[in-house]
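# Architecture at a glance
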Amino acid sequence: MHRSILELFHRKTTRSPENAEGDFANGHEIDEDDDKVADSYTNCFDDELKETSDIDFGVMRKCKGSNCGIKSWIQMDPRLFCFLYDEQQNKCYCKVCVDNSITDTEWTSGRSQPQGGWKKDYLLRHLASREHLQALSVPLNAANWEKALFTDALNNDSKEDVVHLLRNVLWLIKEQLPISKAKSLHRLIESHGVSLGRRHRSKNYSWQFVAALNEPVEAENLIALKQARVHSLVVDESSDIATEKHLMMYTKFLAKTELQVKFIKLLYLDGKADALSLYKSIKKFYVEHQICLQSLAMITTNGSVIMMGSKGGLHVKLKVDIPWLLGQHFVVHLEALAIKDSYNEITLFQEIDGCFKAIYSYISRSTVKHSGLEEVLHVLETNAIKLAKACHLKWINRGRAIQAICKSYQTLIVYFSDMSYSDHDITAESILLKLQQPRILLAIFFLRDLLHHLDNLSLFFQERFVNPVRVPERVQATINLLECKYLGNNILWESSFLLGIQLLESGALSRPPMARKPHGPILHKTTAKATDEIAGSVKTLVKNIVDSLKERFPDNAIIRAFRILDPDRIPSDPEKLAQYGNNEAAALQNHFSDLLSNDGKDLVAEWDQMKYLIASRKGESLDEVCIDLAHSDMWRKEYPNFSILSEVCVVMSASTAEPDIGFASVNLLKNKYRNRLTSDQLDQLLRLCLEKPEERQDYLDAAYAAWLQAEQWRLLLKEWRRGEESKTESDSTESDADPLSDSE
């Protein structure tokens, strides 16, 4: 009887995908609701049981309905053939778990009768439990012949089925959806007639697929990094929502003729995140992955004492191993700190800051007030605005906030006038009084002009491949512009400020929007007085910003020396060209002597010839020339030292764009609903989200091969553990008696 039922089971588990809804097990872990799993397992044989002639299905139904006892169920229901009931001890055993279970459970030592009495559902749930399915996956022995048919039915997924599952998991990762939704996606795809197999659908297998998909991407990035002669490291430390500290590592290197910035690792920092711990973690990573630490040319990070401290920072500790290592602070952070220090010292602009915060809080926190503002915009036939929150760290956000206020200044006057006089709102009235002051209006429009220049500088700093060699020139250009317009004898007001004057003279600050305009000469006196009133604060602010930029962007002699490779700087005069760059070449030789061949003694001689080659390539950018010098085999042989220095120049990094994108992705991946992700899982998901590998066949084949190899190792490890446990039991002097010996 058992053999016939198992044959029915084998046919049931190998049926077509259209009838695959009743498959009782999809993997080693059942992560769906227990009732649903038990029901799916219970219904597995219903259709076949009704068709068999040697089973009295009606009697079985009658027995089930009358609750005649566990012994009758085991005898009459072929689904429960693996259970054994001991009447004397009133315990029930699972023969499959007793023979093959790796861990002791209540079904191996005997399940006692529950307080509410035996229920058939308890047995059916155990058949779909994790422990029972793990017992089915243990290597076969001669005794458990029943388990063989189960294993044959579960292990027949083809490569094509597994590749479909890999595609589904990869799509979830790219869309930044939880991996726990994989089973639902598998069911949806299968409902459209795609064969996905039966075994590898659980959440545990989905995480195995994540690791398999990550392995080819990580291996490709590491291989490309090892092949590069030099590279730079971009690191930043932060904590996720679970307050776990991580160090995010990006690397910039030259792969043939293509400049690449790749995410290489999210290191978990166990314990204190001090400079010594960071140093040990980075060095351990380089050793484990066999990456040459001596190929590191620059480290770019934030300006904290832990990272860039002059006595015990990470840069100083790495420089002991790499004497020529350069250190670079994120330039966008330098600009933000420079402006913040200057901005907070002046009372007028602190007052404007408070006004911005009040406007944003008043409108953004209430849908009713926001809808009221939209009604005013509709009546005045004005385009909708999006108020932004002023942020100190990202001054682009502050520029956008000021731009939104300037575009809707008159609309805000009308809106707060209505709110203060019709609803008697004290907060609206205080905001209105601020906005109606001429000096506040002109100062806001001046800030729009000033932050426009600073925003352009910030956007330049956030370019992906911004080179530190280009940074001092751009900073100096911005400083010269500000000094020319605002620090001369007379301030050269720009377009936005002049627009503010027109708005002030038009009578837009009067409380009723359609009120009578004041007399013209009075307005001109008010405008002139307001302009003179803010002129002192404007000059003080600009002077402080210029001084702070000069202080926070000091001139680095080594980075400045790389400018000689820029074709646009080569002089046309032959006499000047003969002496051009000799001092800079000597400085580079002294600094990078340990990196260069023959201690760089031939560097100056190479420069005497190479400067004429660079002079003939005017019109090309610095990066184009350096990439050609570093990649070309001819230049490598003729100018070996400058070929390496050209590669060092092009891989130097100053941008914070990549870490910002990385940490934003971390916040999306590990949020308050998914805060139990491990560091390895987060690292794998982050790499796949950032790289977004294409679903090429060679990539999927590599991922399948990685998964198959890992699966084989998991099975071998499981067999080894079971052998060790059996050896321990045989060596023990006292062992428990086999609970099935008397019954069998």
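Cut-offs and rules
Residues numbered from 1 in each chain as written. Predicted model: local features only at pLDDT ≥ 70, side-chain atom pairs only at ≥ 80, totals over all residues. Heavy atoms only, no water. Helix = DSSP H or I, 4+ residues; strand = E, 2+ residues; numbered from the N terminus. Buried < 20%, exposed > 50% of the residue type's maximum accessible area, 1.4 Å probe, protein only. Contact = heavy atoms within 4.5 Å. Areas by Shrake-Rupley, 256 points an atom, 1.4 Å probe, with all protein chains shown as cover. Salt bridge = Lys/Arg side-chain N within 4 Å of Asp/Glu carboxyl O. Pairing = 2+ DSSP bridges. Axes fitted to C-alpha atoms, helices over the stretch in contact; angles between N-to-C directions. Parallel < 35°, antiparallel > 145°, perpendicular 65-115°, else oblique. Left-handed = near helix turned anticlockwise from the far one by under 90°. Nonpolar A, V, L, I, M, F, W, Y, C, P; charged D, E, K, R; others polar. pLDDT = per-residue confidence, 0-100. Phe/Tyr/Trp six-rings, centres within 6.5 Å; stacked < 30°, edge-to-face > 60°. Lys, Arg positive; Asp, Glu negative; His and termini not counted. Polar contact = N/O pair within 3.5 Å; in protein donor to acceptor, adjacent residues only side chain to side chain.

### Digging into the overall build of the protein chain
A count of helices and strands for the protein chain gives 36 helices and eight strands. Here the protein chain holds 744 residues, and the buried ones make up 50% of them. Here the analysis covers contacts within the protein chain between residues at least 6 apart in sequence; of these, 70% occur between residues at least 24 apart. A total accessible area of about 36,100 Å² is found for the protein chain, and carbon and sulfur atoms account for 49% of it.

### Considerations on the pattern of salt bridges
Following the criterion strictly, the structure yields 25 salt bridges and no others. Here Glu218 makes a salt bridge to Arg687, at a shortest N to O gap of 3.8 Å. Here the residue Glu218 occupies a position in helix α13 (residues 203–227), and Arg687 occupies one in helix α35 (residues 679–691), the gap between them amounting to 469 residues. For the pair shown, Glu218 and Arg687 are each scored as buried. One salt-bridge network, in which partners are shared between bridges, spans Glu218, Lys265, Asp683 and Arg687.

### Comments concerning the sheet that holds strand β5 (residues 245–255)
Taken together, five strands build an open sheet; the order of strands is β6-β5-β4-β7-β8 and the sheet is mixed. Strands at the two margins of the open sheet, each flanked by one partner only, are β6 (258–268) and β8 (326–329). Ignoring which end each strand starts from, the neighbouring axes of this sheet average 20 degrees apart. Bridging between strand β7 (residues 296–301) and β8 involves four bridges; their strand directions are parallel. The residue of β8 that forms the bridge with Thr301 is His329. Its contacts with the sheet place helix α34 (residues 657–669) against β4 (231–239), β5 and β6, and it is angled at close to 135 degrees to β5.

### Some details on the sheet that holds strand β2 (residues 91–94)
Read from one edge of the open sheet, three strands run β1-β2-β3, paired in antiparallel fashion. Of all the strands in the sheet, the pair left with one neighbour each is β1 (83–86) and β3 (111–112). Summarising the sheet, β1 and β2 pair through four bridges and their orientation is antiparallel. The residue bridging Tyr85 from the neighbouring strand is Cys92, located in β2.

### A short note on the packing of helix α23 (residues 438–461) against helix α25 (residues 495–505)
Any two packed helices are characterised by the angle at which their axes cross and by the distance between the axes. Two numbers describe how α23 lies on α25: the axes approach to 7 Å, and their chain directions differ by 155 degrees. With respect to their mutual orientation, α23 and α25 come out roughly antiparallel. Crossing of α23 over α25 shows right-handed handedness. Only Ser495, Ser496, Phe497, Leu499, Gly500, Ile501, Leu503 and Leu504 of α25 make contact with α23, whose side of the interface consists of Pro438, Leu441, Leu442, Phe445, Phe446, Arg448 and Asp449. Across the contact of α23 with α25, the residue classes tally to 10 nonpolar, three polar and two charged.

### Some points on the confidence of the model for the protein chain
Summing up the model confidence of the protein chain, the mean pLDDT is 79 and the portion of residues at 70 or higher is 79%. Taken as a whole, residues 140–154 scores under 50 in pLDDT and shows 33 contacts with residues more than four places along the chain or in a different chain. When the criterion is pLDDT under 50, residues 512–524 qualifies, and its contacts beyond four places in sequence or with other chains add up to seven contacts.

### Considering the environment of Trp707
Tracing the backbone through its elements, the reader meets Trp707 in helix α36 (residues 697–731). For Trp707 and Gln208, which are 499 residues apart along the polypeptide, the C-alpha to C-alpha distance reads 6.9 Å.

### Points about the packing of aromatic side chains
A ring pair, where both rings are aromatic, is described by two values, the distance of the centres and the angle of the planes. This model, assessed by the stated rule, comprises 20 aromatic pairs. A centroid spacing of 5.7 Å and a plane angle of 50 degrees characterise the contact between Phe209 and Trp707, whose relative ring orientation is tilted. Of this pair, Phe209 sits in helix α13 while Trp707 sits in helix α36; the two residues are 498 residues apart in sequence, bridging distant segments of the chain. A relative accessible area of 0% places Phe209 in the buried class. Trp707 gets classed as buried once you look at its relative accessible area, which sits at 4%. Between the aromatic rings of Phe349 and Phe446, the centroid separation amounts to 6.2 Å while the plane-to-plane angle is 45 degrees, which identifies the pairing as tilted. Here Phe349, found in helix α18 (residues 347–364), pairs with Phe446, found in helix α23; they are 97 residues apart in sequence, far enough to count as distant. In this pair, the class of Phe349 matches that of Phe446, namely buried.

### Looking at the environment of Asn214
Positionally, Asn214 belongs in helix α13. On the basis of relative accessible area, Asn214 is assigned to the buried category, the value being 4%. Sequence spacing of Asn214 and Ala706 is 492 residues, and the spatial spacing of their C-alpha atoms is 9.4 Å.

### What to know about the side chain of Gln208
Relative to the assigned elements, Gln208 resides in helix α13. Owing to a relative accessible area of 16%, Gln208 belongs among the buried residues under this scheme.

### Let's talk about the pairing of β5
The buried fraction of β5 amounts to nine of the 11 residues, a majority that puts the element mostly inside the structure. Here β4 runs beside β5; their pairing, made up of nine bridges, is antiparallel. Within β5, the residue paired with Ser238 across the bridge is His246. Where β5 meets β6, 10 bridges bridge the pair, whose relative direction is antiparallel. The partner of Met248 across the bridge, within β6, is Leu266. Linking β5 back to β6 in an antiparallel pair, the connection comprises two residues, with Lys256 at a positive phi of about 60 degrees.

### Observations regarding the side chain of Asp425
Mapped onto the elements, Asp425 comes out in the loop between α21 (409–422) and α22 (426–435). Comment: no salt bridge for buried Asp425; closest opposite-charge side chain is Lys369, at 4.2 Å. There is a polar contact of 3.0 Å between the side chain of Asp425 and the backbone nitrogen of Thr427. For Asp425, the side chain forms a polar contact with the main-chain nitrogen of Ala428, separated by 3.4 Å.

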